[in-house]
Amino acid sequence: MDERQTFQTDTLNGWKRSHHCAELGAEHVDQEVCLMGWVQYRRDHGGLIFIDLRDVNGLTQVVFSPEVAPEPHSRAHVLRTEYVLAIKGTVRPRPDDMINPKMKTGAIEIEVSEFKLLNASKTPPFVIEDRAEVSENLRLKYRYLDLRRSQMTRNLVLRNRTAQAVRRYLDDLDFLEVETPVLTKSTPEGARDFLVPSRVNQGEFYALPQSPQLFKQLLMCGGLDRYYQIVKCFRDEDLRADRQPEFTQIDIEMSFVEEEDVMSMAEGMVRRIFRETLNKELAETFPRMTYDEAMERYGVDKPDVRFGLELKTVTDIVRGSGFRLFAKAELVKGMRVPGGSVLSRKEIDDLTDFVRIYGAQGLAWIKIKEDDWQSPIAKFLSEEERAGLKEALELEVGDIVFFQAGAPDMVNAALGNLRLKLGERFELIPADSFAPLWVTDFPLLEWDADAKRYVAKHHPFTAPQTGHIDTLGTEPGKALARAYDLVLNGSEIGGGSIRIHTPAMQQEMFTALGIDEEEARAKFGFLLGALEFGAPPHGGIAFGLDRLVMLLSGARSIRDVIAFPKTQKATCLMTEAPSRVASTQLRELGLRLRENVKEEKNG
RNA sequence: GGGGUCGUAGUUAAGCCGGUUAUAACGCUGGCCUGUCACGCCAGAGGCCGUGGGUUCGAGUCCCAUCGGCCCCGCCA
């Protein structure tokens, strides 16, 4: 054990903090203050000792002087990084030539008259500084130290401000915050559930909610009119930089509304969040784009509209081309990159490797040069095709144009992601800009190739657009949903819909999904029952709080806006969860692990 | 389930084509220092090179496996 930890420490014993560290300034000069916090830096000159004291909101320099207070000064030599102090002293102005302009409190310092050592600290495994580059596994293992860094503290403060802005906004509009169950029923549509075994009902399981979707609809059936909840949701799927197995949703539902009502409410909420967190004003109404248009122009359903590089379909132009790959492809799209002919062969090779991730076989390209087109495929293109491409893609000298041909999903994924990559490469994305966008008119259903059936794109309670229920039987892929997503800078931050509120339409929907009445009753009987007793028309939306705060803070990872996040393998490095449990616990639940079953058989 | 990448003092990294005692910076410990502010100066300690196999006279370095962090594909209604 660290010898330093055996130091005598003090209790507060009546001392009260008078200020936070970073709030002191010239206006406090000559005041007696009491600060409490951690030793950020110590500069022990043998004579004077300077300590930068840190608390949740910043730093203040405190000075131990042998003349002013000999006893505290002699005790202060033992102070080290991250020791916890309470100090009493007087705010003094610093001499003009000793003002530190880099520090918020650089014009003053505290002349210490007495101090208490509240706790010692081992040498921390990494320096508590924003500029420290520490591996993430170490940060996560010692998360309580990582959170002391001001960047992490700022992120959590921003998260709180966001949540408070949401609460104020929705409260002003008479929304009611209602808690919904965390132990609930597994609904095997959609994401994989986290399951919780029931001790009282052995062999049966609760599921943790993927979202409170059904409960918020039932609250509308319960006549509560307007509901919201800032709520944890759980999905047992693989993680990403912007995905955690447990995440927080701003969940909202309203009765007697249509799309416009929900969307304008949501716009107001996002505007208020931006005003109260970043002091930024967003437009009164957000631009809108249909799903089809987003896929056509950007290749994705969550386009980043802060920059151009749009995609163009050129299938018809190259239909009879000598380039067979183009001629026979179901879809051919091109993306013009103005000035892109500066890309080197090496860079283009790297981009080719990049699009292979999305299933592309290769990457066709043409550099538009002064005299000719430079391209591996130019020789296959007729004069007519060249003219057609030049006109359609508005090609100019100095451009490069990339093509992708094949199945629409692949073409859009490859070019859509290439677009984002090139947007960064050519620095086309303006810093500090926020471009919200509604994406509307989503397909109601999508084909699930594995299950060989149509599944709900959103969820099976999303209402079809007027008239589109009729085509469900004949052309299921064509029906549109009354659904809308809110996209911000290429991230989906919210999504919602108007729900089905009559039993007849809900039944039609289940039929289209291949769910028979018996199955529907077993899985969603409680919702169907509620619809039968006069459910009001209703709809809502849910926002991903973590992603929203990520965008507001500029964090590169969702983990940086969550106090105690999981690693990519869904473990917590600090608590070492998940972990094995005692066999008695398993027995109480009526569970046996497969490995134990094997042992029992063998032994 | 798959692809990529990283793992070397407490930390962050360097370590060439396999070859003597594995470097550096910061941190840490001790000493000196009354105006520093990422203080400075002097001295010192600190290593199972993720782990396990293999190739070799010899492995931090090459090969295989495995564990862990990160990024991505699939997946995420």
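Whatever comes next refers back to the structure up there.
Residues numbered from 1 in each chain as written. Chains lettered and ligands numbered in written order. Predicted model: local features only at pLDDT ≥ 70, side-chain atom pairs only at ≥ 80, totals over all residues. Heavy atoms only, no water.

## Here we look at the packing of aromatic side chains
Here comes step 1: In this structure the tally under the stated criterion is 12 aromatic pairs.
Here comes step 2: Seen from their ring centres, Phe323 and Phe326 are 4.8 Å apart, and the 75° between their planes marks the pair as edge-to-face. Judged on exposure class, the residue Phe323 and its partner Phe326 are both buried.
Here comes step 3: With 5.4 Å between their ring centres and 25° between their planes, Phe323 and Phe380 make a pair best called stacked. Here Phe380 lies in the loop between β15 (373-374) and α10 (383-393) and Phe323 lies in the loop between β12 (311-313) and α8 (324-327), a separation of 57 residues in the sequence. (Phe/Tyr/Trp six-rings, centres within 6.5 Å; stacked < 30°, edge-to-face > 60°. Buried < 20%, exposed > 50% of the residue type's maximum accessible area, 1.4 Å probe, protein only. Helix = DSSP H or I, 4+ residues; strand = E, 2+ residues; numbered from the N terminus.)

## Observations regarding the pattern of salt bridges
Here comes step 1: Under the defined criterion, the tally for this structure stands at 46 salt bridges.
Here comes step 2: A salt bridge links Asp146 to Arg143; its shortest N-O distance comes to 2.7 Å. On the criterion of helical spacing, the pair formed by Asp146 and Arg143 is a turn pair, its members being 3 residues apart in helix α3 (residues 143-146). The pair Asp146 / Arg143 is uniform in exposure class, with both members buried.
Here comes step 3: Of the charged contacts in the structure, one is a salt bridge between Arg499 and Glu253, with a shortest N-O distance of 2.7 Å. (Salt bridge = Lys/Arg side-chain N within 4 Å of Asp/Glu carboxyl O.)

## Considerations on the protein's contact with RNA strand B
Here comes step 1: Contacts to RNA strand B come from 52 residues, most closely from Glu67, Met98, Ala456, Lys457 and His458.
Here comes step 2: Within 4 Å of the protein, the contacting atoms of RNA strand B are 50% sugar and phosphate, with bases supplying the remainder.
Here comes step 3: Here a phosphate oxygen of RNA strand B sits 3.2 Å away from a polar atom, N or O, in the main chain of His45.
Here comes step 4: With respect to RNA strand B, the side chain of Arg559 contributes an N or O atom lying 2.9 Å from a phosphate oxygen.
Here comes step 5: Among the secondary structure elements, those contributing two or more residues to the surface near RNA strand B are β1 (32-44), β2 (49-55) and α2 (136-141).
Here comes step 6: By residue class, the composition of the surface near RNA strand B is 15 nonpolar, 17 polar and 20 charged. (Near = heavy atom within 4 Å. Polar contact = N/O pair within 3.5 Å; in protein donor to acceptor, adjacent residues only side chain to side chain. Nonpolar A, V, L, I, M, F, W, Y, C, P; charged D, E, K, R; others polar.)

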